[in-house]
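Read off the chains here:
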Amino acid sequence: MWKDLVALWNLAKIYLKGKTGAILLGLFTSIIFSLTGLATPYLTRFLIDVVFHASRGDLLLPLLIICGVILIILFFTGIISDYVLVRTFERVKLLMRHDLFRRLLKAPVDFLLMQRSGELNYRLFGDTETIQSFFNRLLIGLPIDLLFIVIISSIMVGWNLRMALFVFAVLCLQVLVIIGFQKPLLKYALLQKGKAQFLSGFVVERFRNIQLTRTLNAGAMETDSFKSGLEELMGINVKAYMLGKFSELSVVLVNNIWSFGILWYGGRLVLAGQITLGTLMAFLLTAGMLYPRIASVVGSVLSFQDVRASLYRFLEYHRVMPAVHEPPEAVELLLEEGKVIFENVWFGYKPEEPVLKGLSATFEPRKITAVVGRSGVGKSTLARLLVRLYDPWEGRILIDNVDIRQVTIESLRNNIRYVIQGEFLFSGSIWDNICYGVGSCSEEQVFAAAGKAGADEFIMQLPEGFHTRIGEGGFQLSSGEAQRIALARLFLANPRIVVLDEPTSFLDPETESAIYQAIMDLKETATVIVIAHRPSTVKIADHIIVLDNGVVAEQGTHAELLGKKGLYAAIYTELCRREPGLPVKKEVCTPAPAGVSSNVISHGEGVS
Ligand SMILES: Nc1ncnc2c1ncn2[C@@H]1O[C@H](COP(=O)(O)OP(=O)(O)OP(=O)(O)O)[C@@H](O)[C@H]1O
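Residues numbered from 1 in each chain as written. Predicted model: local features only at pLDDT ≥ 70, side-chain atom pairs only at ≥ 80, totals over all residues. Heavy atoms only, no water.

Here's the deal with the overall build of the chain
Each helix and strand in the chain was counted, giving 21 helices and 12 strands. Whereas a compact globule of 608 residues would reach a radius of gyration of roughly 25 Å, the chain reaches 36 Å, over 25% beyond that. Principal-axis analysis of the C-alpha atoms gives the chain an extent of 120 × 55 × 50 Å. (Helix = DSSP H or I, 4+ residues; strand = E, 2+ residues; numbered from the N terminus. Rg over C-alpha atoms; globule rule 2.2 N^0.38 Å.)

Points about the packing of aromatic side chains
Taken as a whole, this structure holds 18 aromatic pairs when the rule is applied. Summarising the aromatic geometry, the rings of Trp159 and Phe283 are spaced 5.7 Å apart at their centres and angled 65° between planes, so their arrangement reads as edge-to-face. Separated by 124 residues along the polypeptide, Trp159 in helix 6 (residues 119-159) and Phe283 in helix 10 (residues 277-318) bring together distant segments of the chain. Of the residues examined, Trp159 reaches a relative accessible area of 14% and is grouped as buried. Aromatic side chains Phe342 and Phe363 sit 5.9 Å apart centroid to centroid with 75° between the ring planes, which places their arrangement in the edge-to-face category. (Phe/Tyr/Trp six-rings, centres within 6.5 Å; stacked < 30°, edge-to-face > 60°. Buried < 20%, exposed > 50% of the residue type's maximum accessible area, 1.4 Å probe, protein only.)

Thoughts on the sheet that holds strand 5 (residues 402-403)
Hydrogen bonding along the main chain pairs the strands of a sheet, whether they run parallel or antiparallel. Ordered in space as 2-1-4-5, the four strands form an open sheet in which the pairing is antiparallel. Of all the strands in the sheet, just strand 2 (356-363) and strand 5 have a single pairing partner and so form its edges. Pairing geometry for strand 1 (residues 340-347) and strand 2, over six bridges, is antiparallel. Each residue of the ladder has a partner; that of Ile341, found in strand 2, is Thr362. Contacts between helix 11 (residues 379-386) and the sheet are confined to strand 1, strand 2 and strand 4 (394-399), with strand 1 contributing the most and set at about 110° to the helix. (Pairing = 2+ DSSP bridges. Contact = heavy atoms within 4.5 Å. Axes fitted to C-alpha atoms, helices over the stretch in contact; angles between N-to-C directions.)

Details of the state of the cysteines
For the structure on display, the rule yields one disulfide. Note on cysteine connectivity: Cys435 is disulfide-linked to Cys441, with sulfurs 1.8 Å apart. Between Cys435 and Cys441 the sulfur-sulfur dihedral comes to about 120°; the bridge is accordingly right-handed. On the accessibility criterion, Cys441 (17% relative accessible area) is buried. (Disulfide = S-S within 2.5 Å.)

With respect to the side chain of Gln132
Assignment of secondary structure puts Gln132 in helix 6. Apart from residues lying up to four places away in sequence, Gln132 is in contact with Phe89, Val92 and Lys93.

Section: the pairing of strand 10 (residues 527-531)
When you tally the buried positions in strand 10, you get five out of five residues, the bulk of the element. Because side chains alternate across strand 10, one face comprises the buried residues Thr527, Ile529 and Ile531, and the other comprises Val528 and Val530, equally buried. Pairing geometry for strand 3 (residues 368-373) and strand 10, over four bridges, is parallel. By the bridge assignment, Val371 is partnered in strand 10 with Ile531. The pairing of strand 9 (residues 497-501) with strand 10 spans five bridges and is parallel. When the bridges of strand 10 are listed, Val499 appears paired with Ile529.

A closer look at the sheet that holds strand 3
Here we have six strands laid out as an open sheet, ordered 6-9-10-3-11-12, and mixed in their pairing. Each edge of the open sheet is held by one strand with a lone partner, namely strand 6 (416-419) and strand 12 (551-556). The average undirected angle you get between the axes of adjacent strands in this sheet is 20°. Relative to strand 11 (residues 543-548), strand 3 runs parallel, the two sharing five bridges.

Following this line, the structure appears as structure tokens:
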């Protein structure tokens, strides 16, 4: 409990930094607001005991003026305190969400991929909301409540000790009722939240993969699962509602009994002449003010369990370490040639299971180097290491003889473009998608890039051309069209180092030739690395690197490697065999040299 409070306090120190003035102003105006509210019982007592009892009609007007002043103070302090506090704590929420989002963008990819659908959303929005409102309670609500409990209790004791003790005894009974209900209420609130969160994740995931659901004919199964989830949620909702209603009515019941109790006990004291009628009325009003304060303190304490759960989830994300570290002395990457060297690189995703096992390879500037190998051999891993999605366990990656760990991550990624297969397009206009990551771009640049990627024709045929919205709620592009947009994005950026993960997998032969030409043009100014899965792609390479068992097994030109009749020749034959009927096949696929069989490649794993 204390450890969690300390953790909350540490978080508060981070996000409330520089807001002490606003919080103190909010606290001060809130206290004035609440203190002013306390005048009501005093004025009532005065009205009954002095004005009416002593027939002092002359005091009615001043009393009315005082009431007017009190109302004005209440109005302004209420507005000021709410404005200051809402603004401050909304900013705290904004800072928490912004900070978490920034951290998550740097978090290891694997960590992010492991999160359930909707989980990121929930933690970013739900948990930050809970923690922020607890900060508000802890710093403003709770101190004011406690202060008022002390003030009101002292006032009551000052008026009449016996009557005050009677009120406290009845209040204790009421606190017990609140405590009795709060725990099960909280339990049901958590159950509701958990179930609703699960169902919303379920819906998002199923609709995102709607094609799979339909082709696997899983619609009926999914409908049944959703229905049973909804039935569970309905059961929880009904129980939670009834429990809430029962607790509300119980509190009202206790409140009424309690008021009668005070009237009965206080009335006896009035009749015995021990207190005035005004004091009795003041007691009734003051005790009515005490109850919500006590309920609020008890509620805060009991809801801490919920806050703790949010705190743990928030801290789990908050503490997640960036996937890669940038040293403070990191410098800007200033490219000269753009030569890329992998030097004895060891890396794997799981400890003790290396994918790359001391890989050394050079990627020359102004050349196209193709990387080929069996599926899962580590071709994409090599690209991920180059853009520092991960760092090698051992060995170095150098660009122009500078270790990429010594340069700023931003400058590294500014110089390299890694176009992954089936690259994701954001929902937005085609224009925004092409310009994504470039900052500002002119009309000429966008048109030229789209032209190079062979995308201009189909874009112009869309209802709003470059301004057609795609993705969620917009126009749905085919895989080939999406690939061309991703390539246009690449050509627009015109980077010095380019990594393409099979850039033509979804394209027709005609567009494919245009793209190859554009890639050939790219190499005039760039180091081009192509992860090749197609025979036509390896044919455009100046140099080919064949990976096997975590190292470079063979390298050379297409002709040299075919002549070796080794692994490359086998892979190439297999690639050709997989593209039967493609017009391109006749040109690029020469028969495998005699004596080479495709089972050299793998034992049933195939190539990609
Ligand atoms: N995030 C990850 N976590 C765990 N293992 C991974 C992860 N990414 C890749 N792997 C594994 O690492 C190995 C290399 O993967 P990689 O994607 O580099 O292969 P690849 O040669 O590009 O394959 P393909 O040609 O099929 O795309 C594979 O065995 C793969 O299952």
